[in-house]
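Observations on chain architecture
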Amino acid sequence: MDIDLQLFKNIMAEARHNNDLLDSFSPNQFKSKEILINYIRDLNIVNKKSEITILGGWYGSILIPAFKEVKRISLIDIDEKVISIAKNRLFKHYKNVDFITSDVFHKDRKGRILNANLIINTSCEHMRPMKDLDLNTKSYFAYQSNNMFSIEGHINCVNNIKEFKEQMPSNAKVLIEDEIKDDRGTRFLLIGKYE
C-alpha cells in the first residue's frame, strides 16, 4: 500500500479544528466507500487514462486518494468552504484534481460530467434524482443513496434499492447493486453503465 504522508499531515492539521472533516473519515463513510471502490476495481473500469467526476464530493477524503493514479479527477460540490479546504489544504499537492464549486445540475457542469469515464455520486440523498441530469454518455457510474431520512440535508432518501433504481436515467444499465448496513440505516449502491 502506497501511503501519502503529505496527505496524512494535511488531514491531521485540518482535523484539529474541523469535526466535519473527521466525519468524512468515519467508519460508516469508510465502509460504504471501500465497498464501492472494490467493486470498481473488480470491474476493471479505471486506469491511468481515466477521467473521473465526483458529484457532491464533500472533501473527497476517501475517493480522491483511492483513484489518485487516474489522468483527471473533477470534484463538484456546492459547498464553497468544503471545496476551498480540499483544494487549498488537503489535496494541494495533487496536480490531477479539479475542484469545482457548483450545483451538479448547473448546465455549465454537464460537459465535465459527460467527458468522464466514470461518474461517482455517493450522496444522491442530498440532491435531485440522477435521471434529472439527462446524461447522453457512455460513461460508467457508481451511485449511492440511503434511507436515513432524519439526517439534515437529506432531501431525496429512498426506502429501498427498487426506489433508488427508479431514480436512474432510462439509459442506465445497472451491473451491480448492493445494500450496506450503517449505524443509522442502509446505504444503497448501484454501479453500471450508460448505454
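Structure's up top.
Secondary structure assignment for the protein yields seven helices and seven strands. For the protein, the N- to C-terminal ordering of α and β elements is α-α-α-β-α-β-α-β-α-β-β-α-β-β. In terms of overall dimensions, the protein is globule-like: its C-alpha atoms have a radius of gyration of 16 Å, near the 16 Å expected for 195 residues. With respect to the principal axes defined by its C-alpha atoms, the protein has extents near 45 × 40 × 35 Å. In the protein, once contacts between residues fewer than 6 apart in sequence are set aside, the share between residues at least 24 apart is 60%. Of the roughly 10,100 Å² of accessible surface on the protein, a fraction of 48% belongs to carbon and sulfur atoms.

A few words on a negative patch on the surface. The grouping of Asp-20, Asp-23, Asp-79 and Glu-80 at the surface amounts to a negative patch. Inspection of the secondary structure assignment puts Asp-79 in the loop between strand 2 (72–77) and helix 5 (80–90).

Once that is clear, we can look at the side chain of Thr-137. With respect to the helices, strands and loops of the structure, Thr-137 is situated in the loop between strand 4 (118–121) and strand 5 (140–146). Of note is the side chain of Thr-137, whose polar atom sits 2.7 Å from the side chain of Ser-139. Once residues lying within four places of it in the same chain are set aside, the contact partners of Thr-137 are Leu-114, Asn-171, Tyr-194 and Glu-195.

What counts as what
Residues numbered from 1 in each chain as written. Predicted model: local features only at pLDDT ≥ 70, side-chain atom pairs only at ≥ 80, totals over all residues. Heavy atoms only, no water. Helix = DSSP H or I, 4+ residues; strand = E, 2+ residues; numbered from the N terminus. Rg over C-alpha atoms; globule rule 2.2 N^0.38 Å. Contact = heavy atoms within 4.5 Å. Areas by Shrake-Rupley, 256 points an atom, 1.4 Å probe, with all protein chains shown as cover. Patch = residues over 30% accessible without salt bridge, like charges linked within 9 Å, V, L, I, M, F, W, Y side chains within 5 Å. Salt bridge = Lys/Arg side-chain N within 4 Å of Asp/Glu carboxyl O. Lys, Arg positive; Asp, Glu negative; His and termini not counted. Charge placed at Lys NZ, Arg CZ, Asp CG, Glu CD. Polar contact = N/O pair within 3.5 Å; in protein donor to acceptor, adjacent residues only side chain to side chain.

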